[in-house]
Amino acid sequence: SSGINAEYGVRFNVKTRTVELKTSPETADVGSIQKAADFVKAFTLGFDIDDCLALVRLDDLFLETFEIADVKTLKGDHLARAIGRIAGKGGRTKYTIENVTKTRIVLADSKIHILGSFQNMRIARTAICNLILGSPPAKVYGKMRTVASRMSERF
């Protein structure tokens, strides 16, 4: 079998509930074990398999996690509303942020995981932080699109 399992020893340790990776004689680049670890981490955080594979194949993709509490201390209904503002009706707000910033976002309770290039993650994170702080989505979209179009002009 080709892929991650042939190049590495991959196993799930039931006792410690961890995924263990080790290099094997077929491992081409020993440094790539970090890529394998990133793949497993992204997958366990809830990213789609294709996005996890992109993390392995592309050098400029990164993972970032932060909590709503890192931005603002919210409890109960206020926290639920902040999560709702980030997701949007039927997931639309999250989807818009992903499309404009070319990132992938996983909302896991009060944790937010972002996968993308460094610059794009920064734009997405700013948009999410503004939503947490109570900015209306329309205003956040406007700012985000302006910054994103400036970024694409620069490169």
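Computed from a predicted structure; not experimentally measured.

A. Up close: the overall build of the chain. From N to C terminus, the chain includes eight helices and five strands. With the principal axes as the frame, the chain shows a C-alpha extent of 55 × 40 × 25 Å. Taking the contacts inside the chain whose residues are at least 6 apart along the sequence as the reference set, 47% of them involve residues at least 24 apart. Split by element, the accessible area of the chain, about 9700 Å² in all, is 54% carbon and sulfur. Across the chain, the 24 positively charged side chains and the 17 negatively charged ones have centroids separated by 9 Å.

B. Highlighting the sheet that holds strand 3 (residues 62-67). The sheet built from three strands is open, its strands ordered 3-5-4 with antiparallel pairing. Two strands close off the open sheet at either side, each with one partner strand: strand 3 and strand 4 (104-108). Mean inter-strand twist for the sheet, computed between neighbouring axes without regard to direction, equals 15°. Sheet analysis places strand 4 next to strand 5 (residues 111-116), joined by five bridges and oriented antiparallel. Of the residues in strand 5, the one forming a bridge with Ala108 is Lys111.

C. Expanded view of the nonpolar core. Ranked by internal contacts, the top residues of the largest apolar core, which has 23 residues, are Ile97, Ile112, Ile114, Ile128 and Ile132. Only helix 5 (76-87), helix 6 (92-101), strand 5, helix 7 (118-132) and helix 8 (137-154) provide two or more residues apiece to this core. When residues in this core are grouped by element, the largest group, eight residues, is from helix 7. Beyond its immediate chain neighbours, meaning those up to four positions away, Ile112 contacts Glu64, Thr65, Phe66, Ile68, Ile86, Ile105, Val106, Leu107, Ile128 and Ile132. Counting residues in hydrophobic clusters, the runner-up holds nine residues, among them Phe39, Phe47, Leu55 and Leu61.

D. Broad picture of the pattern of salt bridges. Enumeration over the complete set of coordinates arrives at six salt bridges. Put simply, Lys35 and Asp59 hold a salt bridge, and the shortest N to O gap is 3.2 Å. Placement of the pair is Lys35 in helix 2 (residues 33-45) and Asp59 in the loop between helix 3 (49-57) and strand 3, with a sequence separation of 24 residues. For Glu64, the salt bridge is made with Arg125, and the minimal N-O distance between the two is 2.7 Å. Separated by 61 residues along the polypeptide, Glu64 in strand 3 and Arg125 in helix 7 bring together distant segments of the chain. Of the residues examined, Arg125 reaches a relative accessible area of 27% and is grouped as partly exposed.

How each quantity is defined
Residues numbered from 1 in each chain as written. Predicted model: local features only at pLDDT ≥ 70, side-chain atom pairs only at ≥ 80, totals over all residues. Heavy atoms only, no water. Helix = DSSP H or I, 4+ residues; strand = E, 2+ residues; numbered from the N terminus. Contact = heavy atoms within 4.5 Å. Areas by Shrake-Rupley, 256 points an atom, 1.4 Å probe, with all protein chains shown as cover. Lys, Arg positive; Asp, Glu negative; His and termini not counted. Charge placed at Lys NZ, Arg CZ, Asp CG, Glu CD. Pairing = 2+ DSSP bridges. Axes fitted to C-alpha atoms, helices over the stretch in contact; angles between N-to-C directions. Core = buried A, V, L, I, M, F, W, Y, C linked by side-chain atoms within 4.5 Å. Buried < 20%, exposed > 50% of the residue type's maximum accessible area, 1.4 Å probe, protein only. Salt bridge = Lys/Arg side-chain N within 4 Å of Asp/Glu carboxyl O.

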